[in-house]
Amino acid sequence: MMTSRNSCQFNYQKIFSQTYKRLSTANGQVAIDPIAMSKRTVLVTALIGLLLTGCQSTPTNDLTNIAAYQTSTRPNDNRNLDQQEIARVRTSLAAQYIRKNELDTAQRQLEKAFAADSRYAPAYDMMGVLLQQEGSRLNLEKADQYFKKAIALDKDFEQAHNNYGVYLSQMKRYREAAEQFEIAGSALGYEGRIGALENLGRTYLQLGDRSAAAKAFLRALDGNRNSIIAHIELVDLLLEQQRVPQAQRLYDETLILVQGQGISPRLLLQGIKLAAAQNNITTRQQLAQQLLSAYPLSDEAKQLKTWLNNPEAPWK
């Protein structure tokens, strides 16, 4: 098989031979014209140089056993990917600083994220969280625009919808908050979906829509039977509807879920209400004593004292 080097040598010899022949006369003698000869010599030398240069720059499959280099016309997106990765890392660092309440350092990390990729939605969402946590009036106003920007850049960014809902709830814009929580709570596969549904239920409670709240909490339980928030909220809703047996079952489940974590004043008060509704005087007295001893200044203790002074009055 002829290698690239042999092939180049063959081409060089062929062209040189053809050029030499054109310089020869018909009877085999060379007609020597000094000027013409000089021009031809330069031409032949240039051709040889080009051929040799071409041969040296072209690797051979036989000698290297690899394919020849191929020109690529595909665009190079590595820089964009690298910039987005920088933005991701900076945003992740900012989240860590926010959890440690190092807000100024978090701000600087997010500015670097924006500089790397001005269209990276999570950075805008995180800036909204940062400004919301700082809590001043001016920064709370700014936070709204950052959450909106994150959603505008990525309408399927469920975390931004949930975080924006939390912000709107804080601002007492409950109707708008419910819309955001509904979007996040309906996104199957979203890791924070159950939390969004719990937030949705609590938002409906703020709006006074008990039926919608119950539906949201039931959806949360369907997704995760271990949702403590959904259990506790549904116990109260069922007690309001005087559906005591259902409330008792959920309450018993809740006690199992919080086992080892300590019982909260709210759970103690719920137990007292359930015991009273079922005329279980012993359990009611035990739980009442526990609530008044462990949490004497709690709102639940105040409610209990009010009820004890007037057992016929409804719980408030």
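A short tour of the structure in this document, coming up. Every chain's residues receive numbers from 1 upward, in the order its sequence appears when written. Local features in this predicted model are restricted to residues of pLDDT 70 or higher, and side-chain atom pairs are both shown and tallied only at a pLDDT of 80 or more, whereas totals for entire chains, interfaces and linings draw on every residue. Only hydrogens and water are set aside; all other atoms, that is, all heavy atoms of the structure, feed into the side-chain values.

### Comments concerning the environment of Ser-92
The cut-off we apply is this: Think of it this way: any DSSP run of H or I at least four residues long counts as a helix, any run of E at least two long counts as a strand, and we number them from the N terminus. To sort residues, take the accessible area from a 1.4 Å probe on protein chains only and compare it with the maximum for the residue type: under 20% means buried, over 50% means exposed, and anything in between is partly exposed.
With respect to the secondary-structure elements, Ser-92 resides in helix α4 (residues 78–99). Taking relative accessible area as the criterion, Ser-92 reaches 34% and is therefore assigned partly exposed.

### What about the side chain of Asn-162?
To keep things clear, this is the line we draw: N or O atoms within 3.5 Å of each other form a polar contact, as long as, within protein, one can give a hydrogen and the other can take it, and as long as residues adjacent in sequence are counted only when both atoms are side-chain atoms. Contacts between residues were defined by any pair of non-hydrogen atoms, one from each residue, lying within 4.5 Å.
Examined against the element boundaries, Asn-162 turns out to sit in helix α8 (residues 158–170). Given the relative accessible area of 10%, Asn-162 is considered buried. A polar atom in the side chain of Asn-162 sits 3.2 Å from the side chain of Asn-199. Setting aside residues up to four positions removed in sequence, Asn-162 forms contacts with Phe-181, Ala-184, Tyr-190, Ala-196 and Asn-199.

### Examining the nonpolar core
Where we set the bar: Residue types Ala, Val, Leu, Ile, Met, Phe, Trp, Tyr and Cys, when buried and joined through side-chain atoms within 4.5 Å, form a set referred to as a nonpolar core.
Counting 56 residues, the largest nonpolar core has Leu-110, Leu-130, Tyr-167, Leu-200 and Leu-234 as its most contacted members. In this structure, Leu-110 is in contact with Thr-91, Ala-94, Ala-123, Met-126, Met-127 and Leu-130, ignoring residues within four places of it in sequence. Core analysis: the second largest hydrophobic core is formed by nine residues, Leu-268, Leu-287, Leu-304 and Trp-307 among them.

### Re helix α13 (residues 244–257)
The cut-off we apply is this: Here, expected helix span is obtained from the residue count minus one, scaled by 1.5 Å. Directions pointing from the helix axis toward each C-beta atom define the arc.
Taking 1.5 Å per residue as the helical rise, α13 with its 14 residues ought to reach 20 Å, and the 20 Å between its terminal C-alpha atoms agrees with that figure. For α13, every residue scored as buried is listed here: Val-244, Ala-247, Leu-250, Tyr-251 and Thr-254. For α13, the angular spread of buried residues about the axis comes to 125 degrees, placing them on one side. Opposite the packed face of α13, turned more than 90 degrees from it, sit the exposed residues Arg-249 and Ile-256. The inward-facing, buried residues of α13 abut α11 (210–223), α12 (228–240) and α14 (265–277).

### A closer look at the environment of Gly-165
One can find Gly-165 in helix α8. C-alpha of Gly-165 to C-alpha of Glu-176: the two residues are eleven residues apart in sequence and 7.3 Å apart in space. Aside from chain neighbours lying at most four places away, what touches Gly-165 is Ala-177, Gln-180 and Phe-181.

### Overview of the packing of α12 against α14
To be explicit about the condition: The axes used here are C-alpha line fits, helices contributing only the stretch in contact, and every angle between their N-to-C directions lies in the interval 0 to 180 degrees. Every angle not falling under 35 degrees, over 145, or within 65 to 115 is termed oblique; those three ranges are roughly parallel, roughly antiparallel and roughly perpendicular. With the far helix as reference, a near helix turned anticlockwise by less than a right angle produces a left-handed crossing, and one turned clockwise produces a right-handed crossing. Classification used: nonpolar for Ala, Val, Leu, Ile, Met, Phe, Trp, Tyr, Cys and Pro, charged for Asp, Glu, Lys and Arg, polar for all others including Gly.
Between α12 and α14, the least distance of the axes is 11 Å, while the angle of their chain directions is 30 degrees. Considering their axes alone, α12 and α14 lie roughly parallel with respect to each other. Note on packing geometry: the crossing formed by α12 with α14 is left-handed. Contacts between α12 and α14 involve Ile-232, Glu-233, Val-235, Asp-236 and Leu-239 from the first element and Arg-266, Leu-267, Gln-270, Lys-273 and Leu-274 from the second. Here the contact of α12 with α14 is built from residues that sort into five nonpolar, one polar and four charged.

### A look at the pattern of salt bridges
This is how it is decided: The working definition used for a salt bridge is a side-chain nitrogen of Lys or Arg within 4 Å of a carboxyl oxygen of Asp or Glu.
Tallied over the full model, the rule gives twelve salt bridges. Between Arg-210 and Glu-240 there is a salt bridge, and its shortest N-O distance comes to 3.1 Å. Taken together, the residues Arg-210 in helix α11 and Glu-240 in helix α12 connect sequence positions 30 residues apart. The partner of Asp-236 in a salt bridge is Arg-266, and the shortest N-O contact between them spans 2.8 Å. Residue Asp-236 is located in helix α12, and its partner Arg-266 is located in helix α14; the two are separated by 30 residues in the primary sequence. Three or more residues are tied together by salt bridges with common partners; here these are Asp-144, Lys-148, Arg-173 and Glu-176.

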